[in-house]
Amino acid sequence: MTKMADNSSSVEIVEGCRLPVLRKNQEHEDEWPLAEILSVKEVSGRKLYYVHYIDFNKRLDEWVTTERLDMKKLQFPKKDAKTPTKNGLSGSRPSSPEREREREREREREREVRKSLDLNVQTATAPSRGKTLPTPKRKVEPAPVAPQVPPVTPVPSLPSSAEATQAAVFPAVRETPTFKSREDHELTTNGNARRLIPAPPGRKRKANCGGTDEMIKVLQYNKPQSASVFLPPPEDSQDSSDGIPSAPRMTGSLVSDRSHDDIVTRMKNIECIELGRHRLKPWYFSPYPQELTSLPILYLCEFCLKYLKSLKCLQRHLTKCNLRHPPGNEIYRKGTISFFEIDGRKNKNYSQNLCLLAKCFLDHKTLYYDTDPFLFYVMTEYDSKGFHIVGYFSKEKESTEDYNVACILTLPPYQRRGYGKLLIEFSYELSKVEGKTGTPEKPLSDLGLLSYRSYWSQTILEILMDLKPDNGERPQITINEISEITSVKKEDVISTLQYLNLINYYKGQYILTLSEDIVEGHERAMQKRHLRIDPKCLHFTPKDWSKRGKW
């Protein structure tokens, strides 16, 4: 139970307390959401409180004054709760003298037991030749198989194949020679646990789901703005857009496991960052050196991303810094937009500085100083002064889970201008050149999930609407063919169709219906999407990173 504070004048607010805090919402109206006090400090004789708004994103956390606190509804932390310590582990309350004496007696008994065991070992005679003493055998526990973690926001799954066989409406699935899907992985199912078995090398195209191609039949109606797509359900369909890995991987994953969160990393530590002509207000904690966290402004060189403590240091650095673009190879240029490929091993300092900057705006990823397993693709905008960073994404050189993006970020000054979708589209263009299907590493941030869902929806709808009748027959396409054309992983195609709520049951058949509203909405969205990747401007040769000599 939590105690409520009635007398606000005699109460001292401590870390862990909860109370309503005044803030402005998006309509600039006053609201009083519940917040937790994470830290208290005193500046010029005035107390400031760092608050986290419960059920709000951490990027809204801020320092507030006493005037914004509703002291009448103050909730104290539980007394029996264990107090956090510096290393993030929980501590306990001071123990009584009786408890200390009892612990000392227990330690004494343990020492006596160990001493008797040591004596027994010393008195045992050495084994003679040809004989061995029996050694106690430890029972080896079988390693448990990690269960498949369900997605955070489950999407209603399609019906099983057994239900689909009850209503066969159209003829058997025909093979389409243009889109031959080749399986690179085999799914072995044992109960609910599924294990990936890599296929022998030499395959170019990956199809990421087992089973046969599901045939989609498009029906053209008299109204040109409407169409229906017949879709027999896939087996084991799963929404992969919100899945969380069950355990940290030993490869170059940047997913934060959240097991080492403490008060320090929950608080923003950088007040402001000056990057070129922009000043950025960080959203989250980033492990910059401690001595820089007390500065009002942290200065970054916009070309090498080196951090400096003052404007004078930055000006002195710019006289010596020869870079006017990110290090690495320029693999794409169209108009003022360029992409540079940066090897995390060859350009370690730049990669680490990029990770530090990105951590200010990515909360769900952790920072790795070992950038060797990663490639970084930096998008820039060109003017007379050089190539200015707009955003980036990173990917593993070798991904066992078909990830084509590890981290992805558009810097705040360039957000809501179409650059996020451009980064996503570029990552899939690289996958097309590599002959693979790919998916972003999970979990996605809230903004990342919105961008990916929007990109997947527009890409899939674009393909479905471009289908033309073939010899008077209704056009047909399979989910695997959509996956191969777009390089979007099959699970992401299925989850997007479910997210759009297009799947219906009609006359014994599961169909996917494109209504006029969806078609018109898609056309409006595509008219606003001016930035697109031109594959002709991409100069990229994939490498075989399995050969460690190329690292």
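Remember, it's a predicted structure, so these values are computed and weren't measured experimentally.

## A closer look at the pairing of strand β5 (residues 46–53)
For β5, a buried count of 6 out of 8 residues is recorded, marking the element as mostly surrounded by other parts of the structure. Here strand β4 (residues 34–43) runs beside β5; their pairing, made up of 8 bridges, is antiparallel. The residue of β5 that forms the bridge with E42 is K47. Two successive antiparallel strands, β4 and β5, enclose a turn made up of 2 residues, where S44 displays a positive phi of approximately 55°.

## Quick word on helix α4 (residues 348–359)
With 12 residues, α4 extends 16 Å between its outermost C-alpha atoms, agreeing within 8% with the 16 Å of an ideal straight helix rising 1.5 Å per residue. Across the 12 residues of α4, 10 count as buried, placing the element largely inside the fold. Three or more residues of α4 are buried, namely Y350, S351, Q352, N353, L354, C355, L356, L357, A358 and K359.

## What about the nonpolar core?
In terms of nonpolar packing, the biggest core is built from 76 residues, with F339, L357, Y392 and F426 touching the most fellow members. When residues in this core are grouped by element, the largest group, 8 residues, is from helix α6 (residues 446–466). Apart from residues lying up to four places away in sequence, Y392 is in contact with L354, A358, L362, F376, Y377, V378, M379, C407, I408, L409 and L423. Counting 13 residues, the second-largest nonpolar core is a separate cluster that includes C17, I37, V51 and V64.

## Digging into the sheet that holds strand β6 (residues 62–65)
The strands that make up a sheet are held in pairs by hydrogen bonds between backbone atoms, and each pair lies either parallel or antiparallel. With antiparallel pairing, 4 strands are arranged side by side in an open sheet as β1-β4-β5-β6. In this open sheet, the two edge strands, each paired with only one partner strand, are β1 (18–20) and β6. The average angle at which neighbouring strand axes cross in this sheet is 50°, direction not considered.

## A look at the sheet that holds strand β14 (residues 307–308)
Ordered by their spatial adjacency, 4 strands build an open sheet running β12-β11-β13-β14, and the pairing between neighbours is mixed. In the strand order of this sheet, the two ends are held by β12 (278–280) and β14, each with one partner. As judged from the 3 bridges shared by strand β11 (residues 273–275) and β12, these two strands associate in the antiparallel manner. Paired with I273 across the bridge in β12 is L280.

Parameters at a glance
Residues numbered from 1 in each chain as written. Predicted model: local features only at pLDDT ≥ 70, side-chain atom pairs only at ≥ 80, totals over all residues. Heavy atoms only, no water. Buried < 20%, exposed > 50% of the residue type's maximum accessible area, 1.4 Å probe, protein only. Helix = DSSP H or I, 4+ residues; strand = E, 2+ residues; numbered from the N terminus. Pairing = 2+ DSSP bridges. Expected span 1.5 Å × (residues − 1). Core = buried A, V, L, I, M, F, W, Y, C linked by side-chain atoms within 4.5 Å. Contact = heavy atoms within 4.5 Å. Axes fitted to C-alpha atoms, helices over the stretch in contact; angles between N-to-C directions.

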